[in-house]
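Each chain, written out:
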Amino acid sequence: MSSTRLVVMLIAVAVTVLPGTAPADAAPGCRPADPAAAHGAAECTGPQRTGPVGASTAGRVTVDGRLARYSWPGVYFEGRFRGTGVGIVLDDAVNDYTVEVDGVTVATLVTPGRTTYRVTGLTAGRHTVRLVKRTESPTAAGAFGGFVAVGGGRVLAPPPTRRRQIEFIGDSLTAGYGNLSTDRECTDAEATRRTDADLSFGALTARRLDADYQLNAYSGLGMVRNHDGGRPDVTYRTFYPRSLLAVDGDVWDRPPDWRPQLVVVGLGANDFATDLRPDEAWTPQSLRRAYRDAYHRFLDRLRLRYGRDTLVVVTAQHLWNTTAFAEAAAQVVRERHDLVRYWYLDGVGLDYGGCRWHPSRKDHEVIAERLGAFLATVPLRW
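What counts as what
Residues numbered from 1 in each chain as written. Predicted model: local features only at pLDDT ≥ 70, side-chain atom pairs only at ≥ 80, totals over all residues. Heavy atoms only, no water. Salt bridge = Lys/Arg side-chain N within 4 Å of Asp/Glu carboxyl O. Helix = DSSP H or I, 4+ residues; strand = E, 2+ residues; numbered from the N terminus. Buried < 20%, exposed > 50% of the residue type's maximum accessible area, 1.4 Å probe, protein only. Disulfide = S-S within 2.5 Å. Pairing = 2+ DSSP bridges. Axes fitted to C-alpha atoms, helices over the stretch in contact; angles between N-to-C directions. Phe/Tyr/Trp six-rings, centres within 6.5 Å; stacked < 30°, edge-to-face > 60°. Lys NZ or Arg CZ within 6 Å of the ring centre and 35° of its normal.

**A look at the pattern of salt bridges**
As enumerated under the stated definition, the model contains 24 salt bridges in all. A salt bridge links D300 to R336, with the shortest nitrogen-to-oxygen separation between them at 2.9 Å. In this pair, D300 sits in helix α6 (residues 284-306) while R336 sits in the loop between α7 (324-334) and β18 (340-345), placing the two residues 36 residues apart along the sequence. For D300, a relative accessible area of 42% puts it in the partly exposed group. Using a relative accessible area of 13% as the deciding quantity, one classes R336 as buried.

In structure tokens, the structure reads:
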């Protein structure tokens, strides 16, 4: 683990019930929990929001009572509170999180488990809080139970969703795989701990544009072929419809207010970066044909889901050993007759210093700058 990362010791706490009625700006019907309540979760009276108390959600989640469960990287929750501290209810022994208060990172939670983490010692007044899932977890779901008032404070109504929305679809590049590493050689466990989706090019781009976003990324998977020909029974398209990745047949219940004006798709590095193995049925020509056909079907589904006014940007990146990815992706865009554009990321100026020659944190900042410059030239309908 990088020496610059802060590992926070977590302590489960009980929160005292406050008397009185919540003010007008409190989260609807919510007040701090009874000490006997499971996990120290907030208790509510009267009308209640569906899902975690006091939180607006960005990313694919499955709501189970007051818990939000999720698998995709970069899922985040935002809230507001009054007081000198706030509690964050979690049940997750797999993932890592960033906690921000008033836009400043105050903690990194490493596999926190079943707990309520408290931020305390703040100046009395109104504050914002943001919780971000940094890591991928395709085989396990995390759970968030809401923000909890502590120390006599109150959880307020969550902030409204942003007008601008962006969905990023891709593989390890989009997930920010290993971007915190200072060494290209990483074990699987090290790669997980050294990944921060919140510092990926997609998250950086969206924040610069003041947009809500999703990072629907899955490392190692391609449009029709996965890295080194592995897992031939599935592809990225198998998992894209899901909220919980490990649940066969799961379908994300898209909320009606999630209609991104921009979708950025980066799939193909895993299809083409590794040589075909003798036991694979593909030839270079048949792989390209299948890739293009599948890409068109995938884009058609996106268009059906989000409408004709959503701009889709098909991206390709430089691969050291082949131009097949860039050529096939560009051909897909040339064959489209709707609002689809092509963007190519060359490797100039990138150090690929992350785990296993993935882009470093610095590289993601460069990529975000280049993507932002490109987006300034296309017909975005914000």
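Structure shown, so let's carry the discussion forward.
**Examining the state of the cysteines**
Inspection of every chain in the model, using the stated rule, returns one disulfide. There is a disulfide in this structure between C186 and C355, and the S-S distance comes to 2.1 Å. Note on the C186 and C355 pair: the S-S dihedral is about -80°, so by sign convention the disulfide is left-handed. In this pair, C186 sits in the loop between α1 (172-175) and α2 (188-193) while C355 sits in the loop between β18 and α8 (361-375), placing the two residues 169 residues apart along the sequence.

**Some thoughts on the sheet that holds strand β10 (residues 113-119)**
Across the sheet, which stays open at both edges, the five strands sit in the order β4-β5-β12-β7-β10 with antiparallel pairing between neighbours. Every other strand in the sheet has two partners, leaving β4 (62-64) and β10 as the edge strands with one partner each. The sheet shows a mean angle of 25° between the axes of neighbouring strands, taken without regard to direction. The sheet contact formed by β4 and strand β5 (residues 67-70) spans three bridges and is antiparallel. Its bridge partner lying in β5, T62 is registered against R69.

**Points about the packing of aromatic side chains**
Across all of its chains, the model carries 13 aromatic pairs by this definition. A ring pair is formed by Y218 and F239, whose centres lie 4.9 Å apart and whose planes are at 40°; its orientation type is tilted. On the criterion of sequence distance, the pair formed by Y218 in the loop between β15 (211-217) and α4 (236-239) and F239 in helix α4 is long-range, its members being 21 residues apart. Judged by centre distance (5.0 Å) and plane angle (75°), the rings of F272 and Y291 are edge-to-face. Remark: Y291 occurs in helix α6 and F272 occurs in helix α5 (residues 269-272); sequence separation between them is 19 residues. In this structure, F272 and Y291 share a single accessibility class: buried. Through successive ring pairs, a cluster of aromatic residues spans Y70, F77, F144 and F147. For R130, the ring lying beneath its charged end belongs to Y76, and the centroid distance is 4.7 Å. Directly above the aromatic system of W357 lies the positively charged group of R184, at a separation of 3.8 Å from the ring centroid.

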